[in-house]
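# Overview (structure and organization)
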Amino acid sequence: MATDITDIAHAVEATAVMKLLPARPRLLALGEPTHGEDALLDLRNELFRQLVEQEGYRTIALESDCMRGLVVDAYVTSGTGTLDEVMEHGFSHGWGASAANRELVRWMREYNNGQASSERLRFAGVDGPLEITGAASPRQALTALHRYLAGRVDADLLPCTAETLDRLLGADDRWTNTAAMMDPTESAGQSAEATELRLHADDLVALLHAQTPHLITAASPDDWDRARLYGRTATGLLRYHHWMADTSPGRMTRLVGLRDQMIADNLLAVAQRGPTLVNAHNGHLQRDKSTMRMWDQPLLEWWGAGAVVSAHLGEDYAFLATALGTIRHQGVDTPSPDTVEGLLYALPEDRCLVASPRLATALGDTRPAPRVSPWYGYAPLDPAHLPNSDGIVFVKNVPQNQDLSFGSGWTGEVGDVVDEQEAGSRKPRGEGD
């Protein structure tokens, strides 16, 4: 491919990012095509620091359990707990073992020392409490929501007691049974108790919204935000468990879509705080439809979180896809020159930022070949997605993490393979990997 793009490649800096966009977006999404590589997270950290210092960004949102994220936010804003405790308990999917994530949390806490509350940096997990083997019990979110309301509204308005919730929830292991992902009949999601819990959760959330004028004055804004998070998470988990018990052909499409809907709802809530950088897989953040193959099922297609959020926010949402040259320790070698990655790999910079619309114009009628990854954990850039992204962050070579416990220990999660190229030869663990 003989396309010269040297004049449209820029340094990966906050000022260069803003020049690509019509205005500062409320949600700036930085995708990644693989998980577990600290080199990409180091770049993210550097960009976030610049966005904080130069562009007024105050929140970072990561693809991690939204409930656990409250632990991280409490630490960076008020010093609750220790850094070791936060890294152990504040992240899901093994992200807490990442040296780059640890450095991010440490820096945010240091930055917040002495800052006025309005200027403090905030942290948010925006993923649901989900793993590739299943989903968490709704107990934590549901009981926290009930406790919040019970302390602030008349008891006669509550749809049920805490004891009723505890009885209906039963033992947590009935919700976290890993066999349910492969066998819907093992799920408790459509039991009589689960059905009644969904009604109570819906009534509790309705009460939360109905009491808004009182509740926003009866407690701090952070308490109100957490209560809404509890409500979203409780109803989202109960809905997810319900469809885990489904036996129809659309079961998996429904599940991966529900996960992205939870991410989207959390992102829209976080965006209300102000300018936010969100970092997650490209497939979650792209505007195009997401696709995935699982087991022997037909190709799954659904709208990911980025597509949903973009539809709501318009120009207040911007998406930068990250593309890679090599991940040699995973068998991903130099890209073919007839791919988008190959074209970018020929540039002299080790990493650069390219405006997607200008790249599409430079390519003209040329149709780059989609890159095919030999490793299931990496999703090459889909050339068809260029028109619907705002920019590409390209990293030429990804070195192996010094701490192998993170990169080699990642096991993925439900819906994480959200692009057909990413799926490649991948099957969920337990299915031949």
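Here we summarise the structure given alongside this text.

What counts, and where the lines are drawn
Residues numbered from 1 in each chain as written. Predicted model: local features only at pLDDT ≥ 70, side-chain atom pairs only at ≥ 80, totals over all residues. Heavy atoms only, no water. Helix = DSSP H or I, 4+ residues; strand = E, 2+ residues; numbered from the N terminus. Rg over C-alpha atoms; globule rule 2.2 N^0.38 Å. Buried < 20%, exposed > 50% of the residue type's maximum accessible area, 1.4 Å probe, protein only. Contact = heavy atoms within 4.5 Å. Areas by Shrake-Rupley, 256 points an atom, 1.4 Å probe, with all protein chains shown as cover. Lys, Arg positive; Asp, Glu negative; His and termini not counted. Charge placed at Lys NZ, Arg CZ, Asp CG, Glu CD. Pairing = 2+ DSSP bridges. Axes fitted to C-alpha atoms, helices over the stretch in contact; angles between N-to-C directions. Polar contact = N/O pair within 3.5 Å; in protein donor to acceptor, adjacent residues only side chain to side chain. Phe/Tyr/Trp six-rings, centres within 6.5 Å; stacked < 30°, edge-to-face > 60°. Lys NZ or Arg CZ within 6 Å of the ring centre and 35° of its normal.

Our next topic: the overall build of the chain. The number of helices and strands found in the chain is 18 helices and 12 strands. In terms of C-alpha radius of gyration, the chain reaches 22 Å, essentially the compact-globule figure of 22 Å for 433 residues. Counting only C-alpha atoms and orienting by the principal axes, one finds that the chain spans roughly 70 × 55 × 40 Å. Residues classed as buried in the chain amount to 58% of the 433 residues present. Taking as baseline every contact in the chain between residues at least 6 positions apart, the subset at least 24 positions apart corresponds to 78%. With an accessible surface of roughly 17,500 Å², the chain has 48% of that area assigned to carbon and sulfur atoms. Separation of charge centres in the chain, based on 38 positive and 60 negative side chains, amounts to 3 Å.

For strand β7 (residues 276–281), a buried count of six out of six residues is recorded, marking the element as mostly surrounded by other parts of the structure. Sheet topology places strand β2 (residues 27–32) next to β7; six bridges connect them, and they run parallel. From the neighbouring strand, Leu-30 faces β7, where its bridge partner is Asn-279. Two strands pair when backbone bridges link them, and strand β3 (residues 59–65) and β7 are joined in this way by four bridges, in the parallel orientation. In the strand pairing of β7, Ala-61 is matched with Val-278.

What follows is about the sheet that holds strand β4 (residues 122–127). Read across the open sheet, the eight strands follow the order β1-β11-β12-β10-β2-β7-β3-β4; overall the sheet is mixed. Since the sheet does not close on itself, it has two edges, and those belong to β1 (9–10) and β4, each with one partner. Pairing analysis gives four bridges linking β2 to strand β10 (residues 317–326), with the strands arranged parallel. Residue pairing across strands places Leu-28 opposite Ala-318, the latter belonging to β10. Along the sheet, helix α14 (residues 305–313) makes contact with β2 and β10, crossing β10 at roughly 150°.

Here Thr-276 lies in strand β7. A polar side-chain atom of Thr-276 sits 2.9 Å from the main-chain carbonyl oxygen of Gly-274. What Thr-276 contacts, discounting residues up to four positions off in sequence, is Arg-26, Leu-27, Leu-28, Tyr-57, Thr-59, Ala-61 and Val-270.

Counted under the stated rule, the structure contains four aromatic pairs. Relative to Trp-107, the ring of Phe-48 lies with its centre 6.1 Å away and its plane at 80°, an arrangement referred to as edge-to-face. A residue pair is termed long-range when its members are at least 10 positions apart, and Phe-48 in helix α2 (residues 38–55) and Trp-107 in helix α5 (residues 99–112) qualify at 59 residues. In this pair, the class of Phe-48 matches that of Trp-107, namely buried. Ring plane angle 70° and centroid distance 5.5 Å describe the contact between Phe-91 and Phe-123, whose orientation is recorded as edge-to-face. With Phe-91 in the loop between α4 (83–89) and α5 and Phe-123 in strand β4, the pair connects residues that are 32 residues apart, well separated along the chain. The pair Phe-91 / Phe-123 is uniform in exposure class, with both members buried. Just above the ring of Trp-107 sits the side chain of Arg-49; from NZ or CZ to the centre is 5.5 Å. Looking at Arg-174, its charged tip hangs above the ring of Trp-175, at a distance of 5.5 Å from the centre.

What follows concerns unusual backbone geometry. For His-93, which is not a glycine, the phi torsion comes out positive at approximately 60°. Relative to the helices and strands, His-93 is located in the loop between α4 and α5. A residue is classified by how much of its surface remains accessible, and His-93, at 9% relative accessible area, is buried.

Our focus in this paragraph is the environment of Arg-24. Here Arg-24 shows up in the loop between α1 (14–20) and β2. Along the sequence, Arg-24 and Leu-343 sit 319 residues apart, while their C-alpha atoms lie 29 Å from each other. At a separation of 2.6 Å, a polar atom in the side chain of Arg-24 contacts the main-chain carbonyl oxygen of Glu-55.

On to the environment of Arg-26. Along the polypeptide, Arg-26 turns up in the loop between α1 and β2. Residue classification places Arg-26 among the partly exposed positions, given a relative accessible area of 34%. When the C-alpha positions of Arg-26 and Arg-273 are compared, they lie 9.0 Å apart, and in sequence the two are 247 residues distant. Those residues in contact with Arg-26 that sit more than four places away from it in its chain are Ala-271, Gln-272, Gly-274, Pro-275, Thr-276 and Asp-316. At 2.9 Å, the side chain of Arg-26 and the backbone oxygen of Ala-271 are in polar contact.

Taken by themselves, the reported measurements are silent on function.
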